[in-house]
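Inside the fold
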Amino acid sequence: MLMEVLQRRFEGNMHRHPGLNWEDVRARLEANPEKLQVLKAMEETGGEPDVIGQDEQGRYLFCDCSKESPTGRRGLCYDGEAQAQREKKGVAPKGNVLDMARQMGVELLDEEQYIALQQLGPFDTKTSSWVKAPEDVRKLGGALFGDHRYGRTFIYHNSAGSFYSSQGFRGLVRV
């Protein structure tokens with residue numbers, strides 16, 4: 001069933017992966033069943049994963065391509081430290097981005113990857129998505145997120161403990 005969903009999405013969005021063909025992607029997925037489990041988790045949380053290209057090693061890049069931030073990954077603060085600080089104050093986010101991404105087996109998009117994804121979009125026109133925060137920003141208590149408004153992609157900052165019902169995260173998996 002998942003393979004059929006992925007195939008339909010792949011074939012329906014060829015602009016995301018010009019020059020790639022489904023049979024090659026399918027063969028790679030069948031040779032890496034553990035990656036199918038990751039894609040299943042992405043799908044189940046509303047991510048609508050699709051191939052967006054290949055990396056330098058020739059691995060296929062699957063990314064969450066849902067129009068808005070995946071619904072099953074919203075209401076999260078950035079990391080465990082920020083979550084603990086919020087809970088200590090009696091405020092309970094649904095969890096945190098870094099732990100959930102690790103549990104799912106996905107990479108959190110960085111700023112460059114998020115901006116590149118928007119070239120295939122637009123995505124996050126009503127929501128926003130956390131992106132990987134540089135260490136210097138995180139050490140100061142901050143984190144980054146992006147969205148697409150007014151025909152442009154924006155990267156913003158907020159405290160790592162912030163969480164909103166319209167803010168989630170997008171993942172990337174290499175197959």
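The following refers to the structure shown. Just so we're clear, the structure is a prediction, and the values are computed from it rather than from any experiment.

Here's the deal with the pattern of salt bridges
This model, assessed by the stated rule, comprises 13 salt bridges. In this structure, Arg 59 and Asp 55 form a salt bridge, with 2.7 Å as the shortest nitrogen-oxygen distance. The class for Asp 55 is buried, based on a relative accessible area of 9%. For Arg 149, the salt bridge is made with Asp 147, and the minimal N-O distance between the two is 3.5 Å. The exposure class of Arg 149 is partly exposed, given its relative accessible area of 24%. A relative accessible area of 6% means that Asp 147 is categorised as buried. A cluster of three or more residues bridged by salt bridges with shared partners is formed by Asp 55, Arg 59, Glu 107 and Arg 174.

With respect to the nonpolar core
Counting 33 residues, the largest nonpolar core has Val 25, Leu 29, Leu 39, Phe 62 and Phe 169 as its most contacted members. The greatest single-element share of this core, amounting to five residues, is contributed by helix 3 (residues 33-44). Sequence-distant contacts of Val 25, defined by excluding residues within four places in its chain, comprise Phe 10, Val 51, Tyr 60 and Phe 62. Leu 61, Cys 63, Leu 109 and Leu 172 belong to the second largest nonpolar core, which has 11 residues in total.

Considering the sheet that holds strand 3 (residues 107-108)
Strand order in the open sheet made by the four strands is 1-2-8-3, with antiparallel pairing throughout. Strands at the two margins of the open sheet, each flanked by one partner only, are strand 1 (49-54) and strand 3. In terms of strand pairing, strand 3 meets strand 8 (residues 171-174) through two bridges, oriented antiparallel. Across the sheet, the residue bridging to Glu 107 is Leu 172, located in strand 8. Helix-sheet contacts for helix 3 involve strand 1, strand 2 (60-64) and strand 8, and the interaxial angle to strand 8 is about 165°.

Regarding the environment of Arg 59
Relative to the helices and strands, Arg 59 resides in the loop between strand 1 and strand 2. As for Arg 59 and Val 25, which are separated by 34 residues in sequence, their C-alpha atoms are 9.4 Å apart. Ignoring anything within four residues of it in the chain, the contact list for Arg 59 reads Arg 28, Gly 53, Gln 54, Arg 174 and Val 175. Polar contacts involving the side chain of Arg 59 include one to the side chain of Asp 55, which spans 2.7 Å. For Arg 59, the side chain forms a polar contact with the side chain of Gln 57, separated by 2.9 Å.

Some thoughts on the sheet that holds strand 7 (residues 167-169)
Within a sheet, neighbouring strands are paired by backbone hydrogen bonds and run either parallel or antiparallel to one another. In spatial order, the strands read 6-5-4-7; together these four strands make up an open sheet with mixed pairing. Single-partner strands in this sheet number two, and they are strand 6 (152-159) and strand 7. Adjacent strand axes in the sheet meet at a mean angle of 40° when their direction is disregarded. Pairing between strand 4 (residues 128-131) and strand 5 (residues 142-149): three bridges, direction antiparallel. Each bridged residue has a counterpart across the sheet, and for Val 131 the counterpart in strand 5 is Leu 144.

Each value, and the rule that gives it
- Residues numbered from 1 in each chain as written.
- Predicted model: local features only at pLDDT ≥ 70, side-chain atom pairs only at ≥ 80, totals over all residues.
- Heavy atoms only, no water.
- Salt bridge = Lys/Arg side-chain N within 4 Å of Asp/Glu carboxyl O.
- Buried < 20%, exposed > 50% of the residue type's maximum accessible area, 1.4 Å probe, protein only.
- Core = buried A, V, L, I, M, F, W, Y, C linked by side-chain atoms within 4.5 Å.
- Helix = DSSP H or I, 4+ residues; strand = E, 2+ residues; numbered from the N terminus.
- Contact = heavy atoms within 4.5 Å.
- Pairing = 2+ DSSP bridges.
- Axes fitted to C-alpha atoms, helices over the stretch in contact; angles between N-to-C directions.
- Polar contact = N/O pair within 3.5 Å; in protein donor to acceptor, adjacent residues only side chain to side chain.

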